[in-house]
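Listed here are the chains, written in short residue letters.
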Amino acid sequence: MRRGTTTRTNWIVGAVAGAVLVAGGITAAVAATDGSDSGAAPASSSADAGFARDMAVHHQQAVEMSYIVRDRTDDDEVRRLAYDIAQTQANQRGMLLGWLDLWELPKVPEGAPMEWMGMGDAPPGEDGALMPGMATNTELARLGELKGKKAEVLYLQLMTRHHRGGVHMAEGCVERCGVEVERRLARGMVESQESEISLMGTMLRARGAKA
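What counts, and at which threshold
Residues numbered from 1 in each chain as written. Predicted model: local features only at pLDDT ≥ 70, side-chain atom pairs only at ≥ 80, totals over all residues. Heavy atoms only, no water. Core = buried A, V, L, I, M, F, W, Y, C linked by side-chain atoms within 4.5 Å. Buried < 20%, exposed > 50% of the residue type's maximum accessible area, 1.4 Å probe, protein only. Helix = DSSP H or I, 4+ residues; strand = E, 2+ residues; numbered from the N terminus. Contact = heavy atoms within 4.5 Å. Disulfide = S-S within 2.5 Å. Axes fitted to C-alpha atoms, helices over the stretch in contact; angles between N-to-C directions. Parallel < 35°, antiparallel > 145°, perpendicular 65-115°, else oblique. Left-handed = near helix turned anticlockwise from the far one by under 90°. Nonpolar A, V, L, I, M, F, W, Y, C, P; charged D, E, K, R; others polar.

A. Main features of the nonpolar core. Counting 31 residues, the largest nonpolar core has Phe 51, Leu 96 and Met 169 as its most contacted members. Put simply, the parts of the chain that give this core at least two residues each are α2 (47-70), α3 (76-102), α5 (148-176) and α6 (180-206). In this structure, Phe 51 is in contact with Ala 56, Leu 96, Trp 116, Met 169, Ala 170, Cys 173, Cys 177, Glu 182, Ala 186 and Met 189, ignoring residues within four places of it in sequence. Ranked by size, the runner-up nonpolar core spans 23 residues in total, among them Val 78, Ile 85, Leu 154 and Met 203.

Below, the structure is given as structure tokens:
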């Protein structure tokens, strides 16, 4: 097995293991609150369920992009950022899917993406970009072809856009979700991703590029 493949495999295993541990703890916390603030598990059509489903999909792509760039550059700063994003979003994805299990709700969206935000009638995404901010299949393929500085710049640009879409969705949950612990997670997403957007802007400028 090649060194790059081994590194990626170890990294994925670490992210998944962390997600399982954190998801177990947060699921117990949600169980202790009996789901929504009203004391009942949220409905499948609720903002709580919709956010959990859509953000799990959104996060999965961020993790995938971060795996890709770690194999395309030797830059410690970018690799460290990619590792942090992959770990954080894999853990959060585990929480979101754990809640859906707890609530005994399907993990696959029953309607259009972001319908819970009143955006169900938005034009469907193209080339694999299912929601705002997501990269297209063509962009992901391009990222996998580049190396060094070019890969770093494209990753930072794609992830900046991805985070902006994620912040928009998390803000929607803060406004609409009924489960307090889920709203807290969404608020944390907004704060952390806005901070990373600022950091990535600085990193792009250092490489002579724009967000």
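B. Representation of the state of the cysteines within the structure. Under the counting rule described, the total for this entry stands at 1 disulfide. The partner cysteine of Cys 173 in its disulfide is Cys 177, sulfur to sulfur 2.2 Å. Its torsion about the S-S bond being -120 degrees, the disulfide of Cys 173 and Cys 177 is classed as left-handed. Taking the relative accessible area as the measure of exposure, Cys 173 reaches 0% and is therefore buried. Residue Cys 177 is classed as buried on the basis of its relative accessible area, which comes to 4%.

C. Spatial organisation of the packing of helix α4 (residues 137-145) against α5. Interaxial distance between α4 and α5 falls to 9 Å at its minimum, and their mutual angle equals 150 degrees. By the angle between their directions, the pair α4 and α5 is classed as roughly antiparallel. Here α4 runs over α5; the crossing is left-handed. Contacts from Glu 139, Arg 142 and Leu 143 of α4 reach α5 at Ala 151, Leu 154, Tyr 155, Leu 158 and Arg 161. The class makeup of the residues in the contact of α4 with α5 is 5 nonpolar, no polar and 3 charged.

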